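An overview of the molecular structure
Take a look at the letters that make up each chain.
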Amino acid sequence: MKTDATKVVNQAWRKKPRQFAPKSTLGCRTCKIRRVKCDLTQPSCLKCHSTGRTCDGYSHHRSEIMVGPESDSNHHRGTIMSTLQPKGIAQSLAPLMVLQASGSVQAEAMSFFEYISIKHLNEYQPCQSWRRTLMFFSQTVPSVRYAALAVALMHRNFIHSRHRMLGHTPLACYNRAIQLLLEQQASGSMEKTAITLLVCYLFTCFEHLAGNDPQAMKHLRGGVEMSRQISQSLLESINVYDESALSCERELVCQVIRQIRRLDMQAVLFLVDWTPADVHDILTSQLLPAESAFQSLDQAAEHLQVLTARVMRLRNSGQSDSPTDGVSMSPWTKDVVLEQLDAWLRLFNNTLQQRAFEKDNSEAYCLVSLLRLQHTMAWTYISSHGPGREMEFDKFLSQFQTCVAMADDISTTHERYAGSLKPTFTPEIGILPILYIIGVKCRHPIVRRQALRIIRRQPIREAAWDSVSTAAIVERVIEIEESGLVLTGEIPVWKRIEYVSWIHQVEGLAPVRLDMEYTFCTQQEVHKETLVL
């Protein structure tokens, strides 16, 4: 038993007054978010390394920060970086001011949103002007600000504790954003539409992070419908890929519409019955002659997304699309889509030859690699759509091997770029559905396990795709198909799983159970299983 003297000695430190030091604005981003003193070691601080954290480096905008006119004592009223102000937008809106951060939680969350969340939201297709727009409006428009706070708080919980229960603080910011959105008094209808679409985009990200994918898709569908209601004259005679030709609210509206429709186009990769709003737009070869090129990688990516959506619609619907799609799908649709994919590849190669992308530009390199990977998988997936059903996939082993190699390179580059193996989130679709297709459709034992290894490398969430769930499904399919067979033996058609679907049962911020359904190639019976993660 401890004596009273021992108790006094053990607790003596509690009575020692804490020595406060003046706050430094020169620390690394990680230490700023943690609100601890940084030792300012370059290029990354020792404080982060000593605690096992990844140092996110130092801000390069310190000379551009605008503070209050009085003195440093007014710094708590909020700051905004001059480079984050989209050209021409501020002059067209009502008088703006940098919103005050009420409390340390909001200040920390906004810092997290600026340095981490914004970069992750368009991880695979980076757009600096879109990031600047998000940051600017989250600093100046109350409804957008609270939506950004909700995303930041949820994103931080996702990274640091995947099984942490949903706290009241993110939901409080979420509900406050809704209230402010309903009360908004913007200067014009176009401005109101732009702000509403921004909040809709952030709410979609929030719900995906929370694991509530059905609600995320409701927000997305609402944003798509609103964007389609905007008068087409707004976008007529405007080249949306030439930002210098845009100004004021039109620039903002075009940016948000592009982001929302991109998510809408990608949703077909995880929802069988989803029909993107623009899936029947004019295809590539009808827009550009064969000897021309795309104006940018973004334009190439958007054209490829349309083609990928057409591939998925054709595969998901069996032999043809439903009549309600408004397009008569004849038996040669497969050949038409293949022709369009070949045309896209020619234009893409022309683009790479005409535009010199710097090899040390990791963002451009990752996007080029990702587009090649997605094109190869789209071509393989539609080419294997034949009378042999599941046996058709065996003809494309070399394409599967190429895709695994490219996915491994992208994953390694992304890991090196991120600097850690912490969980990452993006509302965009990247490599997970491709690795899933390889894992369940390529019956080569080594290749499908290589895909599984890449999936397991790092916790990733791409919209509704979760690497933990994806790995569990792929592993279970491999186990079912290869049970009782010699490892090098061919899997017969009657043992091959043809259709798989599953529903996440989420607790906190991560799935804890999967309700899985599947059918074999030559059988009608539906098998059901529950996988505990």
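Residues numbered from 1 in each chain as written. Predicted model: local features only at pLDDT ≥ 70, side-chain atom pairs only at ≥ 80, totals over all residues. Heavy atoms only, no water.

**Some thoughts on the overall build of the protein chain**
- Looking only at helices and strands, the protein chain features 19 helices and 8 strands.
- A buried classification covers 50% of the 533 residues belonging to the protein chain.
- Within the protein chain, counting contacts between residues at least 6 apart in sequence, those at least 24 apart form 68% of the total.
- When the accessible surface of the protein chain is totalled, it reaches about 25900 Å², and 54% of it is carbon and sulfur. (Helix = DSSP H or I, 4+ residues; strand = E, 2+ residues; numbered from the N terminus. Buried < 20%, exposed > 50% of the residue type's maximum accessible area, 1.4 Å probe, protein only. Contact = heavy atoms within 4.5 Å. Areas by Shrake-Rupley, 256 points an atom, 1.4 Å probe, with all protein chains shown as cover.)

**Considerations on the nonpolar core**
- Counting 70 residues, the largest nonpolar core has Leu 341, Trp 344, Phe 348, Leu 371, Leu 373, Phe 400 and Ile 438 as the members making the most contacts within it.
- Those elements that place two or more of their residues in this core are helix H13 (297–316), helix H14 (333–354), helix H15 (362–383), helix H16 (397–418), helix H17 (432–441), helix H18 (445–457), helix H19 (467–482) and strand S7 (510–520).
- Per element, the largest residue contribution to this core is 10 residues, and it comes from H13.
- Beyond its immediate stretch of four places on either side in the chain, Leu 341 contacts Leu 304, Leu 307, Val 311, His 375, Ala 378, Trp 379 and Ile 382. (Core = buried A, V, L, I, M, F, W, Y, C linked by side-chain atoms within 4.5 Å.)

**Considerations on unusual backbone geometry**
- In this model, Arg 389 sits at a positive phi of 55 degrees, which is unusual for a non-glycine residue.
- In this model, Ala 463 sits at a positive phi of 55 degrees, which is unusual for a non-glycine residue.
- Relative to the elements of secondary structure, Ala 463 occurs in the loop between strand S4 (460–462) and strand S5 (465–466).
- In this structure Ala 463 comes out as buried when scored by relative accessible area, which is 2%.

**Thoughts on the confidence of the model for the protein chain**
- Of all residues in the protein chain, 71% attain a pLDDT of 70 or more, and the chain-wide mean is 77.
- Residue range residues 60–98 is modelled with pLDDT below 50. Its contacts to residues more than four positions away, or to other chains, number 67 contacts.
- Here residues 319–332 is modelled with pLDDT under 50, and outside its nearest four sequence neighbours on either side it reaches 13 contacts, counting other chains as well. (pLDDT = per-residue confidence, 0-100.)

**Some points on the pattern of salt bridges**
- Counting across every chain of the model gives 22 salt bridges.
- Here Asp 213 ties to Arg 461 by a salt bridge, and the two come within 2.8 Å at their closest N and O atoms. Highlighted residues: Asp 213 in helix H10 (residues 213–229) and Arg 461 in strand S4, separated in sequence by 248 residues. You'll find Asp 213 and Arg 461 in the same group, each marked buried.
- The salt bridge involving Glu 390 is made with Lys 441; its shortest N-O contact spans 3.1 Å. Of this pair, Glu 390 sits in the loop between H15 and H16 while Lys 441 sits in helix H17; the two residues are 51 residues apart in sequence, bridging distant segments of the chain.
- On the accessibility criterion, Glu 390 (2% relative accessible area) is buried.
- Note on Lys 441: relative accessible area 9%, which makes it buried.
- If you follow the salt bridges from partner to partner, you end up with Glu 390, Lys 441, Arg 443, Arg 448, Arg 449, Glu 481 and Glu 482 in one network. (Salt bridge = Lys/Arg side-chain N within 4 Å of Asp/Glu carboxyl O.)

**Comments concerning the sheet that holds S4**
- Within the open sheet, the 3 strands sit side by side as S3-S4-S5. Their pairing is mixed. Sheet topology places strand S3 (424–426) and S5 at the edges, where each strand pairs with a single neighbour.
- Here S3 runs beside S4; their pairing, made up of 3 bridges, is parallel. Note that in S4 the partner of Thr 426 across the bridge is Glu 462. (Pairing = 2+ DSSP bridges.)

**What to know about the packing of helix H6 (residues 128–140) against helix H9 (residues 189–209)**
- Relative orientation of the contacting elements H6 and H9 amounts to 100 degrees, with a least axis distance of 12 Å. In terms of orientation, H6 and H9 fall into the roughly perpendicular class. Touching Trp 130, Leu 134 and Phe 137 of H6 are Leu 198, Tyr 201 and Leu 202, all from H9.
- Residues that form the contact of H6 with H9 fall into these classes: 6 nonpolar, no polar and no charged. (Axes fitted to C-alpha atoms, helices over the stretch in contact; angles between N-to-C directions. Parallel < 35°, antiparallel > 145°, perpendicular 65-115°, else oblique. Nonpolar A, V, L, I, M, F, W, Y, C, P; charged D, E, K, R; others polar.)

**Thoughts on the packing of H17 against H18**
- Running from N to C, H17 and H18 cross one another at 150 degrees; their axes reach a closest spacing of 8 Å. Between H17 and H18, the angle falls in the class roughly antiparallel. The chirality of how H17 crosses H18 is left-handed. Across from Leu 432, Leu 435, Tyr 436, Ile 438, Gly 439 and Val 440 in H17, the residues of H18 making contact are Val 447, Arg 448, Ala 451, Ile 454 and Ile 455.
- Here the contact of H17 with H18 is built from residues that sort into 9 nonpolar, 1 polar and 1 charged. (Left-handed = near helix turned anticlockwise from the far one by under 90°.)

**Points about the packing of aromatic side chains**
- Applying the stated rule across the entire model yields 14 aromatic pairs.
- Relative to Trp 344, the ring of Phe 294 lies with its centre 6.2 Å away and its plane at 45 degrees, an arrangement referred to as tilted. Here Phe 294 is found in the loop between helix H12 (284–287) and H13, whereas its partner Trp 344 is found in helix H14, with 50 residues between them in sequence.
- Judged by relative accessible area, Phe 294 falls into the buried class, the value being 2%.
- Residue classification places Trp 344 among the buried residues on the basis of a relative accessible area of 0%.
- Between Tyr 518 and Phe 520, the aromatic rings sit 5.8 Å apart at their centres with planes inclined by 85 degrees, giving edge-to-face as the arrangement. (Phe/Tyr/Trp six-rings, centres within 6.5 Å; stacked < 30°, edge-to-face > 60°.)

**Quick notes on the environment of Leu 397**
- Mapped onto the elements, Leu 397 comes out in helix H16.
- For Leu 397, a relative accessible area of 27% translates into the label partly exposed.
- Put simply, Leu 397 and Thr 380 are 17 residues apart on the chain and 9.7 Å apart in space, counted from C-alpha to C-alpha.
- Each residue touching Leu 397, except ones within four places of it in the same chain, is listed here: Cys 442, His 444 and Val 447.

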